[in-house]
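The lines below spell out each chain.
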Amino acid sequence: MESGHFDFTGSMVAIITPMDLTGQVDKASLKKLIDYHVASGTSSIVSVGTTGECATLTHDEHVDVVLTTLELADGRIPIIAGTGANATAEAISLTRCFENTGVVGCLSVTPYYNKPSQEGLYQHYKAIAENTDLPQILYNVPSRTGCDLLPSTVARLAKLKNIVAIKEATGNLSRVSQIRELVNDENFILLSGDDASFLDFMHLGGKGVISVTTNVAAAEMAQICELARRGEFAKARSLNSRLMELHHKLFIEPSPAPAKWACHKLGLIADDTLRLPIIALTQEGQISVENALKVAALL
């Protein structure tokens, strides 16, 4: 699948990275997850993003998980690589690892912890774009990174040839119209990064979601996105209402602990092992997530 021709829309999963009891990547469970998403109609897999525990994988593990995901997918579903870092040189290095591999694009989070200015953010993404031909998806999640990629900066970046989309995870629905007003390229794609508000985001002009909920409700999320694409929002809202509690409960404790536990509960992975400093879902959290899975008719 040629990267330059991929349509970054629909229900895209921010996939978990399954691990065995020793904390190593569980490739058998990863294969099972990929098969599940192929069968469920997920439009693409984002490998080693936040939900994939990018913060606790080594650089070599990070690259290996993406390439293993690509290998196990075997052309059946497009793979997007998480390549963000708070050092521009590291983000460029990660991005270059996926040149000519079959990865269709990269999801690049804003630099976290160091709180760059808007000009710093522009220069960061510009430098990445100039060092790769891979399509780049900007990723704005201020609640995690401590900086906010403002619509005016997005508009500047959208002019660069291989910056093709943004994952906007503020939950602020006014961002859709703000970005649309400033970005002249109608092909620039707006994606939600907030499951609880993604359908409203699509109603306002977004083209899809990079989702945590899709880890456990893949067919339902794919169906909702398809209904939204066709403009059948009443049907989409009816289905999404079943998932609303799940959208919230998957963040009841630090992610991806709830999503991993839910995947394990549903038999999608062998174990819900995480790496510190994220710890296993508490008993109270398990009850909440289990109830949400039942409300969603997944259990």
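What you see is a predicted model, and the numbers here were worked out from it, not measured in a lab.

How each quantity is defined
- Residues numbered from 1 in each chain as written.
- Predicted model: local features only at pLDDT ≥ 70, side-chain atom pairs only at ≥ 80, totals over all residues.
- Heavy atoms only, no water.
- Buried < 20%, exposed > 50% of the residue type's maximum accessible area, 1.4 Å probe, protein only.
- Helix = DSSP H or I, 4+ residues; strand = E, 2+ residues; numbered from the N terminus.
- Arc of directions from axis to C-beta.
- Contact = heavy atoms within 4.5 Å.
- UniProt positions renumbered as here; feature names shortened; annotations may be inferred.
- 1 Å grid on protein atoms, 1.4 Å probe; cavity = no way out; pocket = protein on both sides within 12 Å on 5 of 7 lines; lining within 4 Å.
- Points joined across faces, edges and corners; volume = space filled by probe spheres on them.
- Nonpolar A, V, L, I, M, F, W, Y, C, P; charged D, E, K, R; others polar.
- Right-handed = clockwise from strand over helix to strand, strands pointing away.
- Pairing = 2+ DSSP bridges.
- Salt bridge = Lys/Arg side-chain N within 4 Å of Asp/Glu carboxyl O.
- Axes fitted to C-alpha atoms, helices over the stretch in contact; angles between N-to-C directions.

## Here's the deal with helix 7 (residues 174-182)
Buried residues of helix 7: Arg175, Val176 and Ile179, and no others. Projection of helix 7 onto a plane perpendicular to its axis shows the buried side chains occupying an angular sector of 105°, all on one side.

## Quick look at the environment of alanine 14
For alanine 14, the location among the structural elements is in strand 1 (residues 10-14). Expressed as a C-alpha distance, the spacing of alanine 14 and aspartate 195, which sit 181 residues apart in the sequence, is 11 Å. In this structure alanine 14 touches Val46, Thr51, Ile210, Ser211 and Asn215, once residues within four positions along its chain are discounted.

## Observations regarding the UniProt feature "site: L-lysine inhibitor binding" (unreviewed entry) in the protein chain
In the numbering adopted here, UniProt assigns the feature "site: L-lysine inhibitor binding" (unreviewed entry) to Ala55, Asn86, Glu90 and Tyr112. Despite a sequence span of 58 residues, these residues sit close together in the fold, their greatest C-alpha distance being 13.1 Å. If you take the residues mentioned a moment ago, the ones lining the largest pocket come down to Ala55, Glu90 and Tyr112. In this structure, asparagine 86 sits in the loop between strand 3 (79-82) and helix 3 (88-96).

## Describing empty space enclosed by the protein
Over the atoms, a rolling probe the size of a water molecule traces out where space has been left empty. This structure, assessed with the given rule, holds one cavity of 30 Å³ or more. In this structure, the largest cavity encloses a volume near 30 Å³. The class makeup of the residues in the lining of the largest cavity is two nonpolar, five polar and two charged.

## Let's talk about the pairing of strand 5 (residues 136-140)
Extensive coverage of strand 5 is indicated by the burial of five of its five residues. Where burial is concerned, the two faces of strand 5 agree: the one with Gln136, Leu138 and Asn140 and the one with Ile137 and Tyr139 are both buried. Running through helix 4 (residues 118-130), the crossover from strand 4 (residues 105-109) to the neighbouring parallel element strand 5 is right-handed. Pairing of strand 5 with strand 6 (residues 163-168), which is carried by five bridges, proceeds in the parallel orientation. Across the sheet, tyrosine 139 pairs through a bridge with lysine 167, a residue of strand 6.

## With respect to the side chain of histidine 62
Following the sequence through the fold, histidine 62 ends up in helix 2 (residues 59-73). Once residues lying within four places of it in the same chain are set aside, the contact partners of histidine 62 are Val48, Cys54, Leu57, Gly82 and Leu94.

## Observations concerning the pattern of salt bridges
Using the criterion set out here, one finds 17 salt bridges in the structure. Between arginine 230 and glutamate 226 there is a salt bridge whose closest N-O contact spans 3.3 Å. Note on arginine 230: relative accessible area 46%, which makes it partly exposed. Note that lysine 294 is salt-bridged to glutamate 290, the shortest N-O span being 3.7 Å. One end of the pair, lysine 294, and the other, glutamate 290, are both in helix 12 (residues 283-295), four residues apart, so they sit about a helical turn from each other. When its relative accessible area of 46% is taken as the criterion, lysine 294 is described as partly exposed. For glutamate 290, a relative accessible area of 22% gives the class partly exposed. Overlapping salt bridges, with partners in common, bring together Glu226, Arg229, Arg230, Glu232 and Lys235 in one network.

## Focus on the sheet that holds strand 6
Strand order in this closed barrel of eight strands is 1-2-3-4-5-6-7-8, and the pairing throughout is parallel. The sheet shows a mean angle of 25° between the axes of neighbouring strands, direction not considered. Along the sheet, helix 9 (residues 218-229) makes contact with strand 1 and strand 8 (208-211), crossing strand 1 at roughly 145°.

## Here we look at unusual backbone geometry
A cis geometry characterises the amide bond from serine 255 onward to proline 256, with omega recorded as 10°. The residue proline 256 is located in the loop between helix 10 (233-249) and helix 11 (257-265) in this model. In this structure, proline 277 follows leucine 276 across a cis peptide bond, with omega equal to 15°. With respect to the element layout, proline 277 can be found in the loop between helix 11 and helix 12.

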